[in-house]
Amino acid sequence: MSNFANLVVDESTVILAIETSCDETAAAVVMGGNDVLSSVVSTQIDLHAQYGGVVPEIAGRAHLDLLNPVIAQAIRESGIDERRINAVAATHGPGLIGALLIGVSAAKALALTWEVPYIGVNHLEAHLYAGLLEDPTLEMPLVVLLVSGGHTMLIEMRGHGQYKLLGRTIDDAAGEAFDKVARFLGLGYPGGPAIDAIARTGDPRAISFPRAMMHDGLDFSFSGLKTSVINYVRNNPAANTADVAACFQEAVVDVLVSKSRKAADLIGAKGLVLGGGVAANSLLRERFMEMCESEGRRGLLPSRAMCTDNAAMIGSAAWYRWRSDGPTTLDSGAFPNLRLPLLDSTWARGKN
Ligand code: KG4
Ligand code: ZN
């Protein structure tokens, strides 16, 4: 195989990107880091819903069945010939090992066949790029609130690949809290969209749930809130589910938005960006933008499709990583516990 070290990565560079870290099978064709030529997402939600959460074994098998047709569709919809593809990227962590391996193996096989580089992408870094993908003119430093099913972090983005951790959850991730509360309320899986929908008909002032660590630095805690909701419903069996959902959501959003504002003040951010699946939440989107406006800071909400797992963000992050670090070697594997690479790595072992 040829040596790819001398390849130029520029605005015309086309990357086929693959995402299979959890329960979405996705492929996209992205040119120059932010021009999305196609983005296809095939969700497995229906397959997992009957079990109340993602079943790793089922996810791996479904990726295997779905990936080839999804890749073919992404190439077809991009309108380009596959010979025009300059590299193949895939999420190589964090995520479910059996699921990650399907995407990584497919990407390497295609890279070998087409004699182009393979680029392994950090899924968390890709979520940070969802906002920039839609508006590459955003100036740094940025505060990115990354809220997904497995992570809740406030990140200072100083430049491409330059991240500082400002705050993180000390227990449950925000999405995990949405999913657990929804499950307890009998709203099904995934919980975030279900709570988002039913909360619209509830009274957000009906019940006062705690805002943990509200005035205590930039870290978050959501497990006490989840317990409060459960205790409240047990003690008030006739409680209106829409009211409970609305008040729970209000408490989560209050803390997320208040800490994002503090983080932006702390670093003098030029802008604030939302990322991760919970960034699809209607109330969070509304309050986040209201806060940015009242603070006189630029706010960016990636479209909902870009917030939840997709391969366009993988293609974008891959372009920047390839430009700075070069391609990934083919003997590199999948990393279920991969972390976001931080400038200040003194905090190295905690959950992020
Ligand atoms: O980023 P993502 O698609 O997958 C991970 O990398 O974790 O995030 C999934 C999480 C789930 O917990 C889901 O309930 C939550 O995002 N989510 C939402 C909404 N849509 C998805 N949470 C609140 N409101 C929503 N509209
Ligand atoms: Zn994700």
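For the structure, see preceding data.
Remember, it's a predicted structure, so these values are computed and weren't measured experimentally.

Q: Before we go on, may I ask you to explain the coordination of the zinc ion (ligand 2) in this structure?
A: Geometry reference: four tetrahedral donors at a metal, ideal angle 109.5 degrees. Six octahedral donors, ideal angles 90 or 180 degrees. All of the protein donors around the zinc ion (ligand 2) are His123 (NE2), His127 (NE2) and Asp309 (OD); their distances to the metal are 2.0 to 2.1 Å. Positions of the donor residues of the zinc ion (ligand 2) along the chain correspond to the pattern H-x3-H-x181-D. Of the two residues, histidine 127 sits in helix H4 (residues 123-134) while aspartate 309 sits in the loop between helix H10 (304-307) and helix H11 (312-325), which places them 182 residues apart along the sequence. Take histidine 127 and aspartate 309: they sit in the same class, and that class is buried.

Q: Is there a simple way to think about the environment of glutamate 293 in this case?
A: Within the secondary structure, glutamate 293 is located in helix H9 (residues 282-295). Note on glutamate 293: relative accessible area 68%, which makes it exposed. Considering only alpha carbons, one finds glutamate 293 and glycine 224, 69 residues apart in sequence, at a separation of 31 Å.

Q: Help me understand H11 in this model?
A: Helical geometry: 3.6 residues make up each α-helical turn, so side chains three or four residues apart lie on a common side. For H11, spanning 14 residues, the distance from its first C-alpha to its last is 20 Å, which sits close to the expected 20 Å at 1.5 Å a residue. In terms of burial, H11 is a largely internal element, 11 of the 14 residues being buried. When H11 is considered as a whole, its buried residues turn out to be Ala312, Met313, Ile314, Gly315, Ser316, Ala317, Ala318, Trp319, Tyr320, Arg321 and Trp322. Looking one or two residues beyond H11, the residue adopting positive phi is glycine 326, at roughly 85°.

Q: I keep staring at the packing of aromatic side chains and nothing clicks. Help me out?
A: Working definition: an aromatic ring pair is given by the centre-to-centre distance plus the angle between the planes. Under the counting rule described, the total for this entry stands at five aromatic pairs. Note on tyrosine 129 and tyrosine 320: the rings are 4.9 Å apart at their centroids and 25° apart in plane angle, and the pair reads as stacked. Pair noted here: tyrosine 129 is in helix H4 and tyrosine 320 is in helix H11, with a separation of 191 residues, a long-range link. A relative accessible area of 1% places tyrosine 129 in the buried class. For tyrosine 320, a relative accessible area of 12% puts it in the buried group. Centre to centre, the rings of phenylalanine 209 and tyrosine 232 are 5.9 Å apart; their planes meet at 85°, and the pair counts as edge-to-face.

Q: I tried to follow the sheet that holds strand S2 (residues 24-31) on my own but got confused; where do I start?
A: In sheet architecture, strand pairing relies on hydrogen bonds along the backbone and comes in two forms, parallel and antiparallel. Strand order across the open sheet formed by five strands is S3-S2-S1-S4-S5, with mixed pairing between neighbours. Two strands close off the open sheet at either side, each with one partner strand: strand S3 (35-43) and strand S5 (118-122). Averaged over neighbouring strand pairs, the angle between their axes works out to 20° when direction is ignored. Set on the sheet, H4 makes contact with strand S1 (14-19), S3, strand S4 (87-93) and S5; between it and S5 the angle comes to about 90°. Against the sheet, H11 makes contact with S1, S2, S3, S4 and S5, and its axis sits at roughly 125° relative to S1, the strand it touches most.

Q: Just checking my understanding: could you explain empty space enclosed by the protein for this structure?
A: Here the idea is plain: a probe the size of a water molecule rolls over the atoms and shows the empty space left. Taken as a whole, this structure holds one cavity of 30 Å³ or more when the rule is applied. Approximately 40 Å³ is the volume attributed to the largest cavity. In this structure, the largest cavity is lined by Pro210, Arg211, Ala212, Ser221, Phe222, Leu225, Ala251, Val252 and Val255. Here the element with the most residues in the lining of the largest cavity is helix H8 (residues 241-267); it accounts for three residues. Grouping the amino acids of the lining of the largest cavity by side-chain chemistry returns seven nonpolar, one polar and one charged.

Q: I keep staring at the pairing of strand S6 (residues 142-147) and nothing clicks. Help me out?
A: Consecutive residues of a regular strand have side chains that alternate between opposite faces of the sheet. Most of S6 is tucked away: six of the six residues are buried. Alternating residues of S6 divide into Leu142, Val144 and Leu146 and Val143, Leu145 and Val147, and every residue in both groups is buried. Here S6 pairs with strand S7 (residues 152-159) via six bridges, running antiparallel. Bridge pairing in S7 links leucine 146 to methionine 153. Here S6 folds back onto S7 in antiparallel fashion, the turn holding four residues. Pairing geometry for S6 and strand S9 (residues 271-275), over five bridges, is parallel. In the sheet register, leucine 142 faces S9, and the bridge partner there is glycine 271.

What counts, and where the lines are drawn
Residues numbered from 1 in each chain as written. Chains lettered and ligands numbered in written order. Predicted model: local features only at pLDDT ≥ 70, side-chain atom pairs only at ≥ 80, totals over all residues. Heavy atoms only, no water. Donors = N, O, S within 2.8 Å, 3.2 Å for Na, K, Ca; no water. Helix = DSSP H or I, 4+ residues; strand = E, 2+ residues; numbered from the N terminus. Buried < 20%, exposed > 50% of the residue type's maximum accessible area, 1.4 Å probe, protein only. Expected span 1.5 Å × (residues − 1). Phe/Tyr/Trp six-rings, centres within 6.5 Å; stacked < 30°, edge-to-face > 60°. Pairing = 2+ DSSP bridges. Axes fitted to C-alpha atoms, helices over the stretch in contact; angles between N-to-C directions. Contact = heavy atoms within 4.5 Å. 1 Å grid on protein atoms, 1.4 Å probe; cavity = no way out; pocket = protein on both sides within 12 Å on 5 of 7 lines; lining within 4 Å. Points joined across faces, edges and corners; volume = space filled by probe spheres on them. Nonpolar A, V, L, I, M, F, W, Y, C, P; charged D, E, K, R; others polar.

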